[in-house]
Amino acid sequence: WFDKTVASNQDKIIIMATHQPRNSTDNPDNWWQYLAPSSSKRINSILNENKIDLWFYGHRHSFLKNMHGETVVYAVSTIKNNGLGNQNESLLLTFTEGSNQAVLQKISHTNPLNPSFTYYDTLSLSLPYQITCGQDTNCNGKVDIEDIKTYFGMYLNKKISHSELIDAIKNWEI
(Lines give C-alpha, C1' and ligand atoms only; values in the text may rest on other atoms or scores of the structure.)
Protein backbone atom coordinates (compact mmCIF):
# COMPACT_ATOMS: atom_id res chain seq x y z
CA TRP A 1 0.00 0.00 0.00
CA PHE A 2 2.83 2.41 0.79
CA ASP A 3 4.44 2.28 -2.65
CA LYS A 4 1.08 2.75 -4.38
CA THR A 5 0.11 5.64 -2.10
CA VAL A 6 3.41 7.46 -2.64
CA ALA A 7 3.44 6.86 -6.40
CA SER A 8 -0.17 8.01 -6.87
CA ASN A 9 0.34 11.23 -4.87
CA GLN A 10 3.37 12.74 -6.57
CA ASP A 11 1.26 15.83 -7.28
CA LYS A 12 1.15 16.52 -3.52
CA ILE A 13 3.57 17.39 -0.75
CA ILE A 14 4.47 14.07 0.90
CA ILE A 15 5.62 13.81 4.52
CA MET A 16 6.63 10.38 5.78
CA ALA A 17 6.82 9.34 9.44
CA THR A 18 8.34 6.18 10.89
CA HIS A 19 9.25 5.06 14.36
CA GLN A 20 12.52 3.41 13.40
CA PRO A 21 15.57 5.53 12.53
CA ARG A 22 16.46 6.09 8.90
CA ASN A 23 19.46 3.78 9.21
CA SER A 24 21.86 2.34 11.78
CA THR A 25 24.22 5.34 11.64
CA ASP A 26 21.38 7.56 12.89
CA ASN A 27 21.00 5.38 15.96
CA PRO A 28 23.75 4.37 18.37
CA ASP A 29 22.01 1.02 18.98
CA ASN A 30 23.39 -0.76 15.90
CA TRP A 31 21.28 -3.84 16.53
CA TRP A 32 18.39 -1.81 15.06
CA GLN A 33 20.13 -1.67 11.68
CA TYR A 34 18.08 -4.56 10.29
CA LEU A 35 14.81 -2.85 11.22
CA ALA A 36 15.77 0.55 9.81
CA PRO A 37 13.57 1.54 6.84
CA SER A 38 16.58 2.26 4.63
CA SER A 39 17.73 -1.35 5.19
CA SER A 40 14.72 -2.43 3.14
CA LYS A 41 15.33 -2.71 -0.60
CA ARG A 42 11.63 -2.07 -1.14
CA ILE A 43 11.60 1.15 0.92
CA ASN A 44 14.82 2.34 -0.75
CA SER A 45 13.25 1.69 -4.13
CA ILE A 46 10.20 3.79 -3.18
CA LEU A 47 12.42 6.60 -1.85
CA ASN A 48 14.68 6.57 -4.91
CA GLU A 49 11.89 6.42 -7.48
CA ASN A 50 9.52 8.97 -5.93
CA LYS A 51 9.51 12.41 -4.39
CA ILE A 52 9.08 12.53 -0.63
CA ASP A 53 9.54 16.02 0.79
CA LEU A 54 10.15 15.26 4.47
CA TRP A 55 10.76 12.22 6.62
CA PHE A 56 10.37 12.32 10.41
CA TYR A 57 11.29 9.42 12.64
CA GLY A 58 11.41 8.70 16.33
CA HIS A 59 13.14 6.12 18.51
CA ARG A 60 16.33 8.15 18.77
CA HIS A 61 14.92 10.59 21.36
CA SER A 62 17.29 13.35 20.25
CA PHE A 63 17.24 15.81 17.38
CA LEU A 64 19.16 15.08 14.18
CA LYS A 65 18.91 16.41 10.63
CA ASN A 66 20.06 14.28 7.73
CA MET A 67 19.36 13.63 4.06
CA HIS A 68 18.28 10.48 2.26
CA GLY A 69 18.82 11.28 -1.40
CA GLU A 70 16.68 14.38 -2.00
CA THR A 71 14.52 13.79 1.09
CA VAL A 72 15.16 15.91 4.21
CA VAL A 73 15.15 13.63 7.26
CA TYR A 74 14.66 14.65 10.91
CA ALA A 75 14.94 12.59 14.05
CA VAL A 76 12.27 13.77 16.48
CA SER A 77 13.23 14.25 20.12
CA THR A 78 11.27 13.44 23.22
CA ILE A 79 9.18 16.11 24.90
CA LYS A 80 9.41 14.34 28.26
CA ASN A 81 12.60 13.88 30.26
CA ASN A 82 13.00 10.13 30.55
CA GLY A 83 16.01 10.27 32.89
CA LEU A 84 18.42 9.17 30.18
CA GLY A 85 19.77 12.64 29.48
CA ASN A 86 17.61 13.15 26.39
CA GLN A 87 16.61 16.61 25.37
CA ASN A 88 13.09 17.83 26.18
CA GLU A 89 12.14 19.11 22.74
CA SER A 90 9.37 19.24 20.20
CA LEU A 91 9.23 20.31 16.57
CA LEU A 92 6.82 22.78 14.99
CA LEU A 93 6.39 22.70 11.22
CA THR A 94 4.68 25.74 9.70
CA PHE A 95 3.35 26.01 6.15
CA THR A 96 2.34 29.20 4.34
CA GLU A 97 -0.43 29.13 1.75
CA GLY A 98 1.03 29.39 -1.77
CA SER A 99 4.65 29.01 -0.65
CA ASN A 100 7.00 26.17 -1.55
CA GLN A 101 8.84 26.68 1.72
CA ALA A 102 8.02 25.49 5.23
CA VAL A 103 9.68 26.50 8.48
CA LEU A 104 10.76 23.94 11.05
CA GLN A 105 11.32 25.18 14.59
CA LYS A 106 12.75 23.19 17.47
CA ILE A 107 11.29 24.08 20.85
CA SER A 108 13.15 23.37 24.07
CA HIS A 109 10.95 22.39 27.02
CA THR A 110 13.74 22.29 29.60
CA ASN A 111 11.85 25.00 31.48
CA PRO A 112 8.20 23.98 31.06
CA LEU A 113 7.02 27.46 32.11
CA ASN A 114 9.14 29.15 29.46
CA PRO A 115 9.66 27.03 26.31
CA SER A 116 12.21 28.51 23.92
CA PHE A 117 12.75 28.23 20.19
CA THR A 118 16.28 26.93 19.71
CA TYR A 119 16.52 26.05 16.01
CA TYR A 120 15.04 27.29 12.76
CA ASP A 121 15.28 25.71 9.35
CA THR A 122 13.64 26.81 6.12
CA LEU A 123 12.74 23.78 4.03
CA SER A 124 12.13 23.71 0.31
CA LEU A 125 9.02 21.80 -0.72
CA SER A 126 8.49 20.23 -4.13
CA LEU A 127 5.23 22.16 -4.56
CA PRO A 128 3.59 25.27 -3.11
CA TYR A 129 1.46 24.44 -0.07
CA GLN A 130 -2.26 24.70 -0.78
CA ILE A 131 -5.13 24.43 1.65
CA THR A 132 -7.78 22.07 0.34
CA CYS A 133 -11.43 22.35 1.20
CA GLY A 134 -12.74 19.04 -0.11
CA GLN A 135 -15.31 19.50 -2.84
CA ASP A 136 -15.30 23.27 -2.23
CA THR A 137 -12.21 23.65 -4.45
CA ASN A 138 -12.08 27.44 -4.13
CA CYS A 139 -12.67 27.31 -0.35
CA ASN A 140 -15.46 29.87 -0.31
CA GLY A 141 -17.79 27.86 1.93
CA LYS A 142 -20.09 26.40 -0.73
CA VAL A 143 -19.95 24.25 -3.84
CA ASP A 144 -20.45 26.63 -6.76
CA ILE A 145 -20.02 26.71 -10.54
CA GLU A 146 -16.21 27.03 -10.21
CA ASP A 147 -16.09 23.83 -8.16
CA ILE A 148 -18.27 22.05 -10.73
CA LYS A 149 -15.93 23.16 -13.51
CA THR A 150 -12.93 21.95 -11.50
CA TYR A 151 -14.46 18.51 -10.92
CA PHE A 152 -15.48 18.06 -14.56
CA GLY A 153 -11.99 19.17 -15.60
CA MET A 154 -10.48 16.58 -13.27
CA TYR A 155 -12.73 13.95 -14.82
CA LEU A 156 -11.92 14.97 -18.40
CA ASN A 157 -8.19 14.95 -17.60
CA LYS A 158 -8.55 11.48 -16.05
CA LYS A 159 -7.54 12.67 -12.56
CA ILE A 160 -10.74 11.16 -11.12
CA SER A 161 -12.89 8.28 -12.35
CA HIS A 162 -16.49 8.47 -13.52
CA SER A 163 -17.69 6.89 -10.25
CA GLU A 164 -15.67 9.45 -8.21
CA LEU A 165 -17.31 12.26 -10.20
CA ILE A 166 -20.78 10.76 -9.60
CA ASP A 167 -20.03 10.33 -5.87
CA ALA A 168 -18.94 13.98 -5.67
CA ILE A 169 -22.08 15.18 -7.45
CA LYS A 170 -24.30 13.15 -5.07
CA ASN A 171 -22.72 14.93 -2.11
CA TRP A 172 -22.93 18.47 -3.48
CA GLU A 173 -25.22 20.87 -1.71
CA ILE A 174 -25.76 23.59 -4.27
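Given the structure is predicted, the values throughout are model-derived calculations rather than measurements.

Thresholds applied
Numbering of residues begins from 1 in every chain and follows the order in which that chain's sequence is written. Selection of residues for local features in this predicted model requires a pLDDT of at least 70, selection of side-chain atom pairs for listing and counting requires 80 or more, and totals for whole chains, interfaces and linings are taken over all residues. Heavy atoms from the whole structure form the basis of all side-chain values; hydrogens and water molecules are not counted. Here the rule is simple: two strands pair whenever DSSP picks up at least two bridges between them. Helix numbers and strand numbers start at the N terminus; a helix is a DSSP run of H or I with at least 4 residues, a strand a run of E with at least 2. An axis is simply a line fitted to the C-alpha atoms; with a helix, the fit covers only the stretch in contact. Between two such axes, the angle follows the N-to-C directions and lies from 0 to 180 degrees. Note on contacts: a residue pair is in contact if any heavy atoms of the two residues lie within 4.5 Å. Here, a salt bridge means any Lys or Arg side-chain nitrogen found within 4 Å of an Asp or Glu carboxyl oxygen. Whether a residue is buried, partly exposed or exposed follows from its accessible area with a 1.4 Å probe, protein chains only, as a fraction of its type maximum: under 20%, in between, or over 50%, in that order. Per residue, pLDDT captures the predictor's confidence, and it can take any value from 0 to 100.

A. How the structure looks around the sheet that holds strand E7 (residues 116-124). Strand order in the open sheet made by the 3 strands is E5-E6-E7, with antiparallel pairing throughout. Strand pairing shows two members of the sheet lacking a second neighbour, strand E5 (89-95) and E7, which therefore form its edges. Averaged over neighbouring strand pairs, the angle between their axes works out to 20° when direction is ignored. Strand direction decides the pairing type here: E5 and strand E6 (residues 101-108), joined by 7 bridges, are antiparallel. Across the sheet, residue leucine 91 finds its bridge partner in E6, namely lysine 106.

B. Region of interest: the side chain of glutamine 105. Here glutamine 105 lies in strand E6. If we skip the residues at most four places from it in the chain, glutamine 105 touches Ser90, Leu91, Leu92, Thr94, Phe117, Tyr119 and Tyr120.

C. Inspection of the pattern of salt bridges at higher detail. Taken as a whole and assessed by the stated rule, the structure comprises 4 salt bridges. Lysine 12 is the partner of aspartate 11 in a salt bridge, and the nearest nitrogen-oxygen pair spans 3.4 Å. The class of lysine 12 is partly exposed, set by a relative accessible area of 41%.

D. Inspection of the confidence of the model for the chain at higher detail. Averaged over the chain, the pLDDT score is 78; the fraction of residues at 70 or greater is 74%. Of all secondary-structure elements in the chain, the lowest mean pLDDT belongs to helix H3 (residues 145-156), at 78, while E6 reaches the highest, 89.

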